[in-house]
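Next come the chains, spelled out residue by residue.
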Amino acid sequence: MKGNPTIKIELNEALIIEKVLDGEIELFEILLRRYNELLFRTIRSYVDVETDVEDIMQDTYIKAFEKLYQFNNNAMFSTWLIRIGINEALQKKRKTSKYKTVALQQDDYVLQIEDRTIMNPEHKAMYKESSCFMEKAIDTLPEKYKIVFMLKEVEGLAISDISKCLNLSNSNVKVRLHRARKMLQNSILSLTDYTNIFEFGNSKCDRIVNNVMEYIHKTYPRF
């Protein structure tokens with residue numbers, strides 16, 4: 001009989017968190033790398049300046065580390081982390097007035113359907129362009145719809161998980177998701193693989209990990 005992969009992930013995280021709390025703080029890096037993209041996409045739903053998004057991510061991870069002893073292992077770490085990230089993003093927005101809706105300039109783009117069988121430089125450029133267009137389209141959504149769309153369609157979370165993250169009922173999540181989809185033109189959605197947009201890896205991932213771990217080591221030398 002095959003084991004349940006979800007249970008395995010939960011057990012691994014519980015063990016990681018236990019060891020971090022016991023002083024093995026290097027293991028915290030595993031959680032950073034596992035959830036960097038999820039957290040980036042979550043905060044990006046509220047804040048559209050990437051440098052600010054990365055600042056908020058770092059603040060979120062540091063707060064999560066400092067409050068790790070409060071984490072209830074009966075819940076999902078990702079849900080707990082998303083809630084912290086959303087709170088940090090909203091606090092950031094309350095402190096500044098520079099966040100504006102990004103205008104969608106459809107006429108500035110020549111959209112092409114990605115040809116996955118031939119990814120030569122030209123096709124790669126078209127794919128990047130269409131993904132960029134999709135990101136701008138999503139940015140036109142009101143944030144209460146954008147976060148639901150981002151978590152469901154881009155990140156692939158289940159409705160029940162989203163409801164826990166946002167403290168909404170399942171039916172409310174479904175309604176917001178439906179409205180978000182209606183706000184985006186079906187023709188736009190069909191032109192790009194939006195599961196690959198807002199990627200957060202390689203140098204970006206390493207930068208967040210290094211900054212957070214450096215802060216932890218400096219602030220908590222006893223570990």
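Residues numbered from 1 in each chain as written. Predicted model: local features only at pLDDT ≥ 70, side-chain atom pairs only at ≥ 80, totals over all residues. Heavy atoms only, no water.

Per an unreviewed UniProt entry, the recorded name for the protein chain is RNA polymerase sigma factor, and the organism is Hwangdonia seohaensis. Taken from UniProt, the Sequence similarities (unreviewed entry) comment for the protein chain reads in full: "Belongs to the sigma-70 factor family. ECF subfamily." (UniProt positions renumbered as here; feature names shortened; annotations may be inferred.)

Enquirer: Explain the pattern of salt bridges to me, please; I cannot follow it from the model alone.
Expert: For side chains of opposite charge, pairing can occur when their charged atoms come near one another. Applying the stated criterion to the full structure yields 14 salt bridges. Two residues, Arg33 and Glu29, come together in a salt bridge whose shortest N-O distance is 3.0 Å. Taken as a pair, Arg33 and Glu29 lie in helix α2 (residues 28-44) at a separation of four residues, close to a single helical turn. You can call Arg33 partly exposed: its relative accessible area is 37%. Classification of Glu29 as partly exposed rests on a relative accessible area of 24%. Between Glu143 and Lys93 there is a salt bridge whose closest N-O contact spans 2.7 Å. Of this pair, Glu143 sits in helix α6 (residues 143-154) while Lys93 sits in helix α4 (residues 77-95), placing them 50 residues apart in sequence. One network of salt bridges, in which partners are shared, links Glu29, Arg33 and Asp206. (Salt bridge = Lys/Arg side-chain N within 4 Å of Asp/Glu carboxyl O. Helix = DSSP H or I, 4+ residues; strand = E, 2+ residues; numbered from the N terminus. Buried < 20%, exposed > 50% of the residue type's maximum accessible area, 1.4 Å probe, protein only.)

Enquirer: Hey, could you run me through helix α10 (residues 203-219) in this one?
Expert: In an α-helix, one turn spans 3.6 residues; hence positions three or four apart end up facing the same way. Counted at 1.5 Å a residue, the expected span for α10 with its 17 residues is 24 Å, and the 24 Å between its end C-alpha atoms agrees. Buried within α10 we find Cys205, Ile208, Val209, Val212, Met213 and Ile216. Around the axis of α10, the buried residues are gathered within 115° of arc, so they sit on the same side. Every exposed residue of α10 that faces more than 90 degrees away from the buried side is listed here: Ser203 and Lys218. Contacts from the buried residues of α10 go to α2 and α3 (50-66). (Expected span 1.5 Å × (residues − 1). Arc of directions from axis to C-beta. Contact = heavy atoms within 4.5 Å.)

Enquirer: Can you help me understand the packing of aromatic side chains in this one?
Expert: In this description, a pair of aromatic rings is defined by centroid distance and the angle of the planes. Applying the stated criterion across every chain, the model contains seven aromatic pairs. Their ring planes at 50° and their centres at 5.3 Å tell us that Phe71 and Trp80 sit as a pair that is tilted. Overall, the relative accessible area of 10% leaves Phe71 in the buried class. (Phe/Tyr/Trp six-rings, centres within 6.5 Å; stacked < 30°, edge-to-face > 60°.)

Enquirer: Sorry, what's going on with the packing of α3 against α4 here?
Expert: The interhelical angle for the contact between α3 and α4, taken along N-to-C directions, is 130°, at an axis separation of 9 Å. Put simply, α3 runs oblique to α4. Crossing angle aside, the handedness with which α3 passes α4 is right-handed. From α3, Asp52, Ile56, Asp59, Thr60, Tyr61, Lys63 and Ala64 reach across to α4, where they touch Trp80, Leu81, Ile84, Gly85, Glu88, Ala89 and Lys92. For the contact of α3 with α4, the residue count by class is seven nonpolar, two polar and five charged. (Axes fitted to C-alpha atoms, helices over the stretch in contact; angles between N-to-C directions. Parallel < 35°, antiparallel > 145°, perpendicular 65-115°, else oblique. Left-handed = near helix turned anticlockwise from the far one by under 90°. Nonpolar A, V, L, I, M, F, W, Y, C, P; charged D, E, K, R; others polar.)

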